[in-house]
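Architecture and fold: a report
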Amino acid sequence: MERSILITGGAGFIGSHVVRLFVTKYPQYRIVNLDKLTYAGNLENLKDIETLPNYEFVKADICDYARMLQIFTDYRVDGVIHLAAESHVDRSITDPFSFAQTNVMGTLSLLQAAKESWKGNMEGKLFYHVSTDEVYGSLENEGFFYESTPYDPQSPYSASKASSDHFVRAYGNTFKLPFVITNCSNNYGPNQFPEKLIPLFINNIKNNKPLPVYGKGENVRDWLYVVDHARAIDTVFHGGKNGETYNIGGFNEWKNIDLIRVVCRVMDEKLGRPAGTSEQLIAYVTDRAGHDLRYAIDAHKIMNELGWQPSLQFEEGISKTVDWYLENQQWLERVTSGDYQKYYNKMYGGI
Ligand code: NAD
Ligand code: TYD
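First, a word on what this report is: a plain description of the structure on this page. A quick note: this is a predicted structure, and the numbers were derived from the prediction, not measured.

1. Describing the layout of surface pockets
The computed volume of the largest pocket comes to approximately 380 Å³. Forming the boundary of the largest pocket are 19 residues, of which Tyr39, Arg91, Asp339, Tyr340 and Tyr343 lie nearest the centre. For the lining of the largest pocket, the elements supplying multiple residues, two or more each, are helix H3 (89–94), helix H4 (96–118), helix H11 (329–335) and helix H12 (339–348). No other element matches the six residues that H12 contributes to the lining of the largest pocket. Looking at the lining of the largest pocket residue by residue, the class counts come to seven nonpolar, four polar and eight charged. Considered as a void within the structure, the second largest pocket measures approximately 260 Å³ in volume.

Below is the structure:
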């Protein structure tokens, strides 16, 4: 094999799309998917590629340093794409410790394993850290996040991601570990766990359940189709410069309530319900604590320097996403059984 790449969090939402892209596009690479399989990890996401000869799955916790060291040795890892994380802001408000543990300590454990395994020969090695635009904080109605924007995380989730980004840069500076970091905006698409806005609302509309809109629905997010994020990761993994940061986004800002109306309209069309049916499910609920008002990414650097750009228009992306959820009822039923009910009642039991 030409390369041996460890992808962490590959059973999760974005990770599964990255694994699929790399396994199918690069048969000459060995792709090792390392995942703890938390509530958010699901090997069903990779059923279509799991028998390919260049794919292997390892169930492990990134916080287990001894195990990470062993895996680097056993698989002769020369590249890491690190996506494993606790990823949901609402959960970080109720359980911040697990975010510090996985996102900070877990990243540190992987960095140390990479540094120890690669010491004396950093040539051709790369630690690719996948981060979020949320580390930059919250914008008012104007302006964008640039790669040079100072970090100003506002939630326990974004604080833990910011901390992990700092550790990656510190290893680059102190130990000369070759690295790149990307900070991406909100992703949507197939296989996203239905705790995040779009799949939660698709699932609730289908089941005629209320749509819990936080506050007045005026917060703004920049949305990118997940396959375009995976393509960007491929682009940066192969063309990014050592030590650089690249912002990734769709130049596709939506106020939550406007986006929700689009999802409602598309769902009415696909389910053959009269126009306006789904919007009646909208229920304004208490705002998220410390809710960031607006995220907006300036993605010119990756576009100009590496030639990446989003391939899908939002309407098309939403339509594909809704189709996927409607065609994959079993997936939804399986991930929403068990613990999901407890989570849902704790978060939204009042409506
Ligand atoms: P996700 O929650 O769907 O998946 C996370 C995966 O990590 C799961 O498969 C889970 O089992 C695994 N995992 C969690 N803890 C682990 C541990 N201790 N050891 C090994 N595996 C563990 O998350 P996602 O939405 O796919 O996000 C992936 C990455 O991309 C995260 O680092 C996140 O911060 C970042 N990101 C996400 C978005 C987004 O919109 N979802 C946007 C920008 C960046
Ligand atoms: P989310 O998908 O959790 O992503 P993030 O908080 O990381 O941006 O939420 C997207 C937006 O939707 C955010 O402004 C919070 C809002 N939201 C709701 O209004 N209701 C919900 O039930 C959820 C999960 C999110």
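Still more ground to cover, so stick around.
2. A word on the site of ligand 1
Not every one of the 29 residues close to ligand 1 is listed here, only the nearest: Ile14, Asp35, Ser87, Tyr157 and Lys161. Contact between ligand 1 and Gly12: an oxygen atom at 3.0 Å from a main-chain N or O atom of the residue. Residue Asp35 places a side-chain N or O atom 2.5 Å away from an oxygen atom belonging to ligand 1. For ligand 1, whose free accessible area comes to 840 Å², the fraction covered by protein is 97%. For the shell around ligand 1, the secondary structure elements donating two or more residues are helix H1 (13–25), strand E5 (126–132), helix H5 (156–175) and strand E7 (186–188). Broken down by element, the shell around ligand 1 gets its largest block of residues, three residues, from E5. Of the residues in the shell around ligand 1, the class split is 13 nonpolar, 11 polar and five charged.

3. Thoughts on unusual backbone geometry
At Lys176, a position not held by glycine, the phi torsion is positive, near 60°. Counting through the fold element by element, Lys176 comes out in the loop between H5 and strand E6 (179–184). When its relative accessible area of 55% is taken as the criterion, Lys176 is described as exposed. Even without a glycine there, the phi angle at Asn191 is positive, about 75°. Tracing the chain through its elements places Asn191 in the loop between E7 and helix H6 (197–206). Asn191 gets classed as buried once you look at its relative accessible area, which sits at 8%.

4. Let's talk about the site of ligand 2
In the vicinity of ligand 2, 19 residues are found, and the nearest of them are Glu134, Pro212, Arg221, Arg288 and His291. One nitrogen or oxygen atom from the side chain of Asn186 is found 2.9 Å from an oxygen atom belonging to ligand 2. Here Leu197 contributes a backbone N or O atom positioned 2.9 Å from an oxygen atom of ligand 2. Contact with the protein chains removes 98% of the 510 Å² of surface that ligand 2 exposes when unbound. Those elements that place two or more of their residues in the shell around ligand 2 are H6 and strand E8 (211–214). Each residue belonging to the shell around ligand 2 can be placed in one class, and the counts come to nine nonpolar, five polar and five charged.

5. Brief notes about the environment of Ser117
Following the sequence through the fold, Ser117 ends up in helix H4. Setting aside its immediate chain neighbours within four residues, Ser117 contacts Leu69 and Phe72. Side-chain polar atoms of Ser117 contact the backbone oxygen of Ala113, separated by 2.6 Å.

6. Some points on the packing of aromatic side chains
If you walk through the whole model with that rule in mind, you get 22 aromatic pairs. Ring geometry for Phe99 versus Tyr157: centroids 6.3 Å apart, planes at 85°, classification edge-to-face. Of this pair, Phe99 sits in helix H4 while Tyr157 sits in helix H5, placing them 58 residues apart in sequence. We classify Phe99 as buried; its relative accessible area is 1%. Where Tyr340 meets Tyr344, the ring centres are 6.0 Å apart and the plane angle is 40°; that geometry is what we call tilted. Of this pair, Tyr340 and Tyr344 both sit in helix H12, four residues apart, which is roughly one turn of the helix. Look at Tyr344 and you get buried, because its relative accessible area is 7%. Joined through ring pairs, the aromatic side chains of Tyr39, Phe193, Tyr214, Tyr340, Tyr343, Tyr344 and Tyr348 make up one cluster. Stacked on the ring of Tyr295, the Lys or Arg Arg221 has its end atom at 3.9 Å from the ring centre.

7. So, a nonpolar patch on the surface
There is a patch of nonpolar side chains on the surface, built from Phe144, Tyr146 and Phe251 and spanning about 270 Å² of accessible area. Here Phe251 is to be found in the loop between strand E10 (245–248) and strand E11 (253–255). Among the residues examined, Phe251 registers a relative accessible area of 37% and is labelled partly exposed.

Calculation criteria
- Residues numbered from 1 in each chain as written.
- Chains lettered and ligands numbered in written order.
- Predicted model: local features only at pLDDT ≥ 70, side-chain atom pairs only at ≥ 80, totals over all residues.
- Heavy atoms only, no water.
- 1 Å grid on protein atoms, 1.4 Å probe; cavity = no way out; pocket = protein on both sides within 12 Å on 5 of 7 lines; lining within 4 Å.
- Points joined across faces, edges and corners; volume = space filled by probe spheres on them.
- Helix = DSSP H or I, 4+ residues; strand = E, 2+ residues; numbered from the N terminus.
- Nonpolar A, V, L, I, M, F, W, Y, C, P; charged D, E, K, R; others polar.
- Near = heavy atom within 4 Å.
- Polar contact = N/O pair within 3.5 Å; in protein donor to acceptor, adjacent residues only side chain to side chain.
- Areas by Shrake-Rupley, 256 points an atom, 1.4 Å probe, with all protein chains shown as cover.
- Buried < 20%, exposed > 50% of the residue type's maximum accessible area, 1.4 Å probe, protein only.
- Contact = heavy atoms within 4.5 Å.
- Phe/Tyr/Trp six-rings, centres within 6.5 Å; stacked < 30°, edge-to-face > 60°.
- Lys NZ or Arg CZ within 6 Å of the ring centre and 35° of its normal.
- Patch = residues over 30% accessible without salt bridge, like charges linked within 9 Å, V, L, I, M, F, W, Y side chains within 5 Å.
- Salt bridge = Lys/Arg side-chain N within 4 Å of Asp/Glu carboxyl O.

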